[in-house]
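Topology and contacts: notes
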Amino acid sequence: MDIWNNIVLGFSVAVTPFNLFLAFVGVFLGTVIGVLPGIGPMTGIALLIPITFGLPPNSAIILMAGIYYGAMYGGSTTSILVNAPGESSSVVTCIDGFEMAKKGRAGPALAAAAIGSFIAGTFATIMLMILGPAIAQFALNFGPPEYFALMFAGLTVVTSLAGRSLVKALLATTIGLAISTIGIDLQSGVSRYTFGNLEMLDGLEFLVVAIGLFALSEVLANLADMRQAVMERLSIKGGLWLTKEDWKRAIPAFIRGTLSGFFVGGLAGAGAAVASFVSYGIEKSTGKHKEELGHGAIEGVAGPEAANNAAAGGAMIHLLCLGIPGSGTTAIMLGALLMLGLQPGPLLFQQQPDFVWGLIASMYIGNVMLLVLNLPLVGMWVKILDIPLYLLVLFIILFSFLGVYTVNNSVQDLLLMVGFGIIGYILRRLDIPAAPIILAMVLGDLMEQALRQSLIISDGSLGIFVTRPISLILLILAAISITNPYWGQLGAFFRRIFGQKTAA
Amino acid sequence: MKAQRIASLTFTALAIAYLAGAFFIKEPPLRQQLGPDAFPKTIGVMMLVLSLLYVRIEFQRQPVKEDDERAAIIGAEEKLSDYVDYKTIGIMLALMLGYGLAFESLGYPLATFLMFMAGIYVLDLKHWKRDLIIAIIASFGIYFLFRYALRVNLPIGVLKFLFR
């Protein structure tokens, strides 16, 4: 079978000592990032991109993917022991995880999180292996109009789920798109919004914006209330392993979490945070012990932790098969791959099978490594929290500057980065989400290209987007995802109108 | 909600400026179906409409209840606490700007060392001996690591004489 050849090829790439080492470094750093409160996977990957510059693309993505799912794992540890989620996708884990820890059951909670993550990560990798080539094959038929519609849909789905207010999230998206238009327009050679500055001709460097908006704004947010921060930390008492009763309750939750996470958070593009909330909702409505949820039920840890990892794996399908990021973190990975001169997409499976299958194989290996790293060594990870916050802040500043400087050797980039740090912090205070900005910035260029190529094909008619079935479906999807918060209002509106009519 | 109001107006101004800028984009020598100004104009209009909506929300209605419900459903990032230590933020921002400006002229090792020590001075001086060693590793240690292990030459600036 073809798959077997590919798996063999993949492992032959992934099992070289160097790549094994990188996978280990990736999951290790990822776990550290996940454990540290304040640095999420997005910030972590953005900060670590510069180390990948010297690496072949193959090894670079193995490292980045390791950081990505490592961070997903690590996030649960602080949720359970400190009640401080390492990132948004482990917010729900806090609810029951911290309750379990308070009852002296931190061990089983950590074990359930790790095992759930392992099962979900492995499942997502298997699905990537099975579905990936098929999706890529299908996507080969896509022309520019389909791609445009796909990116448009991806952008709206992610935006519609970001932050508290749809208007603000959409505004963030348009800001990202606007940033992407800065610099020389590659199709006509005309410069746009450069104000005569030579360094601006290349556009704003992706890393400058990403690190500014995420890492430095994080620094500023930490500095703002540093002197008030107090953390309550629980220690691990008793065994780490699950009892028979725990297993009986956790396994169904693992399965439900994995499936819902993979399909909702991964394939549908809703993201890991949403996936974990959906999974918690499922446990709350269907679980046998639903009345215990919120008071330290193991399902409340097992389900969401499986779900966020399954979603993270699912998001890789979009990135690899379609070349379109389905989340903020994968957007940063796409940006990094583009910087390395690699364009992910359906052709990747055909042209660079060693890249794709090497990554897939390394994901299996990385998941096993994480299980080994996390369960016995959980005590060590918790010690990371002893690093004083002010040193952490200084190191984030240091790595931000180091990373951005090595891209172009430009001091102007450094100052711009600080500027974006300030902007990022202000946006946070205003409750405007930053993830859509990055996603739109990465997709903006590609969207504009696809749009213009489409119009060349159709000789200037926008009808091309609605006459081709796939792009029409995608655009309808986008419309649904953006309007769905208002359906309730619309319904009420119509009911009022029709209600009045019948009354009259 | 004063900050939100100012922000909404700022975004409107920004959108207008961006949209106006789109009209100054030069025509390319070769006419295309969609010129280089079409995409920016579309974005500019969208941005303007959205920022006007933002203005409307902030100036007309009371803070909306449904927004918080939305946050509960999808798990939006937690809100920042209202307490802000502007003094620390201001000093650290100035420090970062200085670090950026000194990055090439003073060179990476010296600039980093100074930034670190200044940061420690501002934030927490209790363990300064331990932190001094950490600062030396972070500045000179990383410089040598990059120079000899990763073969990346970071700027050395005024310490050039060390490598003569």
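It should be noted that the structure appears before, not after, this text.
Residues numbered from 1 in each chain as written. Chains lettered and ligands numbered in written order. Predicted model: local features only at pLDDT ≥ 70, side-chain atom pairs only at ≥ 80, totals over all residues. Heavy atoms only, no water.

**A look at unusual backbone geometry**
Residues and elements named next belong to chain A. As a reminder of what qualifies: The helix count covers DSSP runs of H or I at least four residues long, the strand count covers runs of E at least two residues long, and both are numbered beginning at the N terminus.
Of note in this structure, aspartate 431 is not a glycine but carries a positive phi near 70 degrees. A positive phi is found at aspartate 459, a non-glycine position, where the angle reads about 55 degrees. Within the element layout of this structure, aspartate 459 appears in the loop between helix H19 (435-457) and helix H20 (464-467).

**Section: the packing of helix H9 (residues 206-224) of chain A against helix H18 (residues 411-429) of chain A**
Helix-helix packing: each pair is described by the crossing angle between the helix axes and the interaxial distance. Residue and element names in this part refer to chain A. As a reminder, the rule being used: Axis lines are fitted through C-alpha atoms, for helices just across the contact stretch, and the angle between N-to-C directions can take any value from 0 to 180 degrees. What sets the label is the angle itself: under 35 degrees gives roughly parallel, over 145 gives roughly antiparallel, 65 to 115 gives roughly perpendicular, and the rest give oblique. With the far helix as reference, a near helix turned anticlockwise by less than a right angle produces a left-handed crossing, and one turned clockwise produces a right-handed crossing. The contact criterion used is simple: two residues touch if any of their non-hydrogen atoms lie within 4.5 Å.
The N-to-C vectors of H9 and H18 enclose an angle of 55 degrees; their axes lie 7 Å apart at closest approach. As summarised for this structure, H9 and H18 are arranged oblique, according to the angle between their axes. Between H9 and H18 the crossing geometry is right-handed. Contact with H9, carried on its side by Val208, Val209, Ile211, Gly212, Leu213, Phe214, Leu216, Ser217, Glu218, Leu220, Ala221 and Ala224, involves Asp413, Leu416, Met417, Val418, Phe420, Gly421, Ile422, Gly424, Tyr425 and Arg428 of H18 and no other residues of that element.

**A word on the interface of chain B and chain A**
For an interface, size is often stated in terms of accessible area lost upon the parts coming together. This is how it is decided: What gets called buried area is simply the loss in accessible area from a 1.4 Å probe that two parts show on being joined, summed for both. Note on definitions: salt bridges are taken to be side-chain nitrogens of Lys or Arg within 4 Å of carboxyl oxygens of Asp or Glu. Throughout this description, a polar contact denotes any pair of N or O atoms lying within 3.5 Å of each other; where both atoms belong to protein, one of them has to be capable of donating a hydrogen while the other can accept it, and for residues adjacent in sequence the pair is counted only when both atoms sit in side chains. Side-chain classes follow a simple rule in which Ala, Val, Leu, Ile, Met, Phe, Trp, Tyr, Cys and Pro form the nonpolar group, Asp, Glu, Lys and Arg form the charged group, and the remainder, Gly included, forms the polar group.
In this complex, chain B contributes 75 residues to the contact, which on the side of chain A involves 72 residues. When the two sides are added together, the surface that chain B and chain A hide from each other amounts to roughly 6,500 Å², 72% of it contributed by carbon and sulfur. Linking chain B with chain A are 0 salt bridges, by the criterion used here. On the surface where chain B and chain A come into contact, there are 10 residue pairs in polar contact (both at pLDDT 80 or more). Elements represented by at least two residues in the side of chain B that touches chain A include exactly helix H1 (2-22), helix H2 (38-60), helix H3 (65-74), helix H4 (86-105), helix H5 (108-123) and helix H6 (128-149) of chain B. The class makeup of the residues in the side of chain B that touches chain A is 47 nonpolar, 13 polar and 15 charged.

**Re the packing of aromatic side chains**
Our working rule: The criterion for an aromatic pair is that two Phe, Tyr or Trp rings (for Trp, the six-membered ring) have centres within 6.5 Å, with stacked assigned to planes under 30 degrees apart, edge-to-face to planes over 60 apart and tilted to the rest.
Tallying each qualifying case throughout the model produces 20 aromatic pairs over all chains. Here A:Phe11 and A:Tyr364 contribute two aromatic rings whose centre-to-centre distance is 6.3 Å and whose plane-to-plane angle is 20 degrees, an arrangement assigned as stacked. Separated by 353 residues along the polypeptide, A:Phe11 in helix H1 (residues 2-14) and A:Tyr364 in helix H15 (residues 353-374) bring together distant segments of the chain. One aromatic cluster is present, built from ring pairs that chain together A:Phe401, A:Tyr405, B:Tyr99, B:Phe103 and B:Tyr108.

**Brief notes about the pattern of salt bridges**
All names here are of chain A. Using the following cut-off: Here the term buried applies to any residue with accessible area under 20% of the maximum for its type, exposed to any over 50%, and partly exposed to those in between, with areas from a 1.4 Å probe on protein chains only.
Inspection of the entire model under this criterion finds 11 salt bridges over all chains. Salt-bridge contacts for glutamate 218 lead to arginine 428; the nearest nitrogen and oxygen are separated by 2.9 Å. Here glutamate 218, found in helix H9, pairs with arginine 428, found in helix H18; they are 210 residues apart in sequence, far enough to count as distant. On the basis of relative accessibility, which here comes to 12%, the residue glutamate 218 falls in the buried class.

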